[in-house]
Amino acid sequence: IDSGVPDASIPDAGAEFGVNLLTNASFEDFSGGTPATGEINGWLAIPGKFISATSNVVRGVRAVRTEATATSQLTLRSLNTEQLTQYGMFICGSIWARTDVDGGIEVYLNIRDIFVDGGTAGTAGTKVALTNAWKLIKEDYVSQGNSHLQLRLFTIPTLKPGQGFYADEAWLSREAPGEACP
């Protein structure tokens, strides 16, 4: 298990401590994809689309609204991290989320290992009922092997087209065990 103390005899996977591993974690950059089909720099909405939200943000000038385009679950998912993990690394994830109406949508935040062979492992997820006020959702995880990581925020109830949620200020990092997740 990751002790958080470097051991010169064991090569490190390269995931630094306390560094956000996500691309476009604040959702400020809408380039690198087609928002109307659910792709922006570093993120996918499945099945859904992205809409820029420039008012009522947590930090910066923009948050993102994910909106379902079909009757189904809606997933906001980061692209795989470039940095690799190793078995036993302590991983922290968080994201701010809200919806337009109180008590309308329940979401789960989950962290997943994505292995080279396409297999996955991950957390069951932290469940939160969203309201129209921003909520910080946190999850931690111990990596199950050499992998890339994904941060996912998804609905369990089926949403109708046009329903969705807002997200801002995502975080995914390796932390020393015993340290509080940011």
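Cut-offs used in this document
- Residues numbered from 1 in each chain as written.
- Predicted model: local features only at pLDDT ≥ 70, side-chain atom pairs only at ≥ 80, totals over all residues.
- Heavy atoms only, no water.
- Helix = DSSP H or I, 4+ residues; strand = E, 2+ residues; numbered from the N terminus.
- Polar contact = N/O pair within 3.5 Å; in protein donor to acceptor, adjacent residues only side chain to side chain.
- Contact = heavy atoms within 4.5 Å.
- Salt bridge = Lys/Arg side-chain N within 4 Å of Asp/Glu carboxyl O.
- Buried < 20%, exposed > 50% of the residue type's maximum accessible area, 1.4 Å probe, protein only.
- Pairing = 2+ DSSP bridges.
- Axes fitted to C-alpha atoms, helices over the stretch in contact; angles between N-to-C directions.

J.: Help me get a handle on the side chain of Asn110, residues and values and all.
T.: Its place among the elements puts Asn110 in strand E7 (residues 105–114). Within polar-contact distance, the side chain of Asn110 engages the backbone oxygen of Thr123 at 2.8 Å. Within the local environment of Asn110, its side chain forms a polar contact with the side chain of Arg152, the two groups lying 2.8 Å apart. If sequence neighbours within four positions are ignored, Asn110 has contacts with Gly122, Thr123, Gly125, Gln150, Leu151, Arg152 and Phe154.

J.: Any chance you could break down the environment of Val61 for me, citing the residues and the numbers?
T.: Mapped onto the fold, Val61 is located in the loop between strand E3 (48–53) and strand E4 (63–68). Each C-alpha atom, one on Val61 and one on Gly48, is 22 Å from the other, the two residues being 13 residues apart in sequence. Every residue in contact with Val61, bar those within four places of it in the chain, is listed here: Glu28, Ala53 and Thr54.

J.: So, the environment of Glu28: which residues are in play, and what are the values?
T.: Locating Glu28 in the fold gives a position in the segment before strand E1 (39–40). Remark: the alpha-carbon pair of Glu28 and His148, spanning 120 residues in sequence, is separated by 23 Å.

J.: Run through the pattern of salt bridges, naming residues and quoting values.
T.: Considering all chains together, one arrives at five salt bridges under this definition. With its nearest N and O atoms 3.4 Å apart, the salt bridge here joins Glu106 to Lys127. Pair noted here: Glu106 is in strand E7 and Lys127 is in strand E9 (residues 126–130), with a separation of 21 residues, a long-range link. Owing to a relative accessible area of 46%, Lys127 belongs among the partly exposed residues under this scheme. Several salt bridges share partner residues, and in doing so they unite Lys49, Arg65, Glu67 and Asp100 into one network.

J.: Go over the sheet that holds strand E10 (residues 135–142), please, and point to the residues and values.
T.: Two pairing modes exist for strands in a sheet, parallel and antiparallel, and in both the strands are linked by backbone hydrogen bonds. Read from one edge to the other, the open sheet built from five strands follows the order E3-E4-E12-E6-E10, with strand pairing classed as antiparallel. Edge positions in the open sheet fall to E3 and E10, since each of these has one partner strand only. Within this sheet the neighbouring strands show an average axis-to-axis angle of 30°, counted without direction. Judged from the six bridges that link them, E3 and E4 form a sheet pairing that is antiparallel. Following the sheet pairing, Gly48 is matched in E4 by Ala68.

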